[in-house]
Amino acid sequence: MMGPSHALSGAAVWLTGSWALDQFADYHQTPLALAVGTAVCAGGALFPDLDLSGKVTRNQGGATVARTFGVFSLFIAEVMEKISLGVYYATKLSKDPRRNNGHRTLTHTIPFTLLVGWGTTALCAAYGKWAVVSILFFMIGLALRGLFDEWAERAGWVVVTLLSAAAAWFTFANLPGDRGYPLIGTAVGVGCFVHILGDMITKAGVPILWPIPIKRRMWTMIGLPNGIALRTGSKAETIVLRGVLTVLAVLAAVGLVAPSVLQRFNIDV
């Protein structure tokens, strides 16, 4: 799927999940915590495509996530792509095909998703709010680049970077201290997993079962049959899928916010 669809899916899943927890598990979040979780999950839903690099010296190409912070994120994407390709060749079996890039390999696996989620939580627990600020800066940038793709492209990566920094600092100033913030790691992990599920409904598929060997292949691509698989950039994705995700996100957000608004104005329903 395209970057905006991935980011929107992360936001929709987090808001819908938060609404379900609020309704059925009596788990309430402050508006700031809800906004942070939604932004981080939307950013996390773009993170796996950090293995699709572009032209670093020209600040061109690459996935949406790779262009978020200009040449800096393009360089990180270049490194991640080479690491992913290296892991592919280090673990491939006889039936795995030759590849010239690492896209949709390591970063599109369950072990990577678990590692990123756990690593984020560990960083927040070990280094507190400063780690939180750094992670939020990066994830909010990805969320802005994905959810507002056309605007971000016009505004440029410098503006996106400055807005990400401002949002991260505002969050730093308002989040309570002395906490491990495990919810941030959960949001990143959920976002990465949502990304994998999104790519599974396309023709190319993802190696979601890695590192389980199947018929002398370690990197078996799992996805929908070509007859019903989503074509990247098609109207089915850009209109139908994004429309459904937008409706889910809006309904969940209204369901989360409406009770407190009605209570504030003493309105009974």
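Everything numeric here is computed off the predicted structure, so don't read it as measured data.

Draft legend 1. Spotlight on the pattern of salt bridges. Under the counting rule described, the total for this entry stands at 6 salt bridges. Note that Asp-96 is salt-bridged to Arg-217, the shortest N-O span being 3.6 Å. You can see Asp-96 sitting in the loop between helix 3 (71-91) and helix 4 (110-147) and its partner Arg-217 sitting in the loop between helix 7 (182-200) and helix 8 (235-264), a full 121 residues away along the chain. Look at Asp-96 and you get buried, because its relative accessible area is 4%. Under the relative-accessibility criterion, Arg-217 is labelled partly exposed at 27%. Between Asp-149 and Arg-145 there is a salt bridge, with its nearest N and O atoms 2.4 Å apart. It is possible to trace a salt-bridge network through shared partners that takes in Glu-78, Glu-81 and Lys-82.

Draft legend 2. Geometry of the environment of Leu-163. Within the secondary structure layout, Leu-163 lies in helix 6 (residues 157-174). The class of Leu-163 is partly exposed, set by a relative accessible area of 39%. Measuring from C-alpha to C-alpha, the distance between Leu-163 and Gly-119 comes to 25 Å, with 44 residues separating the pair along the chain. Beyond its immediate sequence surroundings of up to four residues, Leu-163 is in contact with Leu-144 and Trp-151.

Draft legend 3. Fine view of the environment of Gly-191. Tracing the sequence through the fold places Gly-191 in helix 7. Along the chain, Gly-191 and Gly-10 lie 181 residues apart, while their C-alpha atoms are 5.2 Å from each other. The contact partners of Gly-191, leaving out residues within four places of it in the chain, are Cys-41, Gly-44 and Ala-45.

Draft legend 4. Local environment of the UniProt feature "transmembrane region" (unreviewed entry) in the protein. In the numbering used here, UniProt assigns the "transmembrane region" (unreviewed entry) feature to residues 30-48, 69-90, 110-143, 155-172, 184-210 and 239-262. Between the first and last C-alpha atoms of residues 155-172 the distance is 25 Å; the span itself is 94% helix and 0% strand. Regarding residues 184-210, the helix share stands at 63% and the strand share at 0%, and the terminal C-alpha atoms are separated by 25 Å.

Draft legend 5. Local environment of the nonpolar core. Among the nonpolar cores identified, the biggest contains 43 residues, and Val-40, Phe-47, Val-132, Leu-136, Met-139 and Leu-142 are the most heavily contacted of them. For this core, the secondary structure elements donating two or more residues are helix 1 (3-24), helix 2 (31-44), helix 3, helix 4, helix 6 and helix 7. Among the elements that take part in this core, helix 4 stands out by supplying 12 residues, more than any other. Once residues lying within four places of it in the same chain are set aside, the contact partners of Phe-47 are Phe-112, Val-116, Phe-138, Met-139, Leu-142 and Cys-192. With 8 residues, the next largest nonpolar core counts Ala-12, Leu-34, Leu-245 and Ala-252 among its residues.

Draft legend 6. Seen up close, unusual backbone geometry. Along the chain, Trp-210 connects to Pro-211 via a cis peptide bond; the corresponding omega equals 10°. Phi is positive for Asp-26, close to 55°, though the residue is something other than glycine. Relative to the assigned elements, Asp-26 resides in the loop between helix 1 and helix 2. In this structure Asp-26 comes out as exposed when scored by relative accessible area, which is 57%.

Thresholds applied
Residues take numbers from 1 onward in each chain, read along the sequence in its written order. Reporting in this predicted model follows two pLDDT cut-offs: at least 70 for local features of residues, and 80 or more for side-chain atom pairs to be given and counted; totals over whole chains, interfaces and linings ignore these cut-offs and use all residues. The side-chain figures draw on all heavy atoms in the structure; neither hydrogens nor water molecules are used. Whenever a carboxyl oxygen of Asp or Glu lies within 4 Å of a side-chain nitrogen of Lys or Arg, that contact is scored as a salt bridge. Put simply, DSSP marks the helices as runs of H or I at least four residues long and the strands as runs of E at least two long, and each gets a number from the N terminus on. The buried label applies to any residue whose accessible area, calculated with a 1.4 Å probe on protein chains only, is under 20% of its type's maximum; exposed applies above 50%, and partly exposed to all values in between. Two residues qualify as a contact provided that any one of their heavy atoms is within 4.5 Å of a heavy atom in the partner residue. UniProt positions are given in the numbering used here, feature names are shortened, and annotations may be inferred rather than shown by experiment. Residues belong to a common nonpolar core when they are buried Ala, Val, Leu, Ile, Met, Phe, Trp, Tyr or Cys residues joined through side-chain atoms within 4.5 Å.

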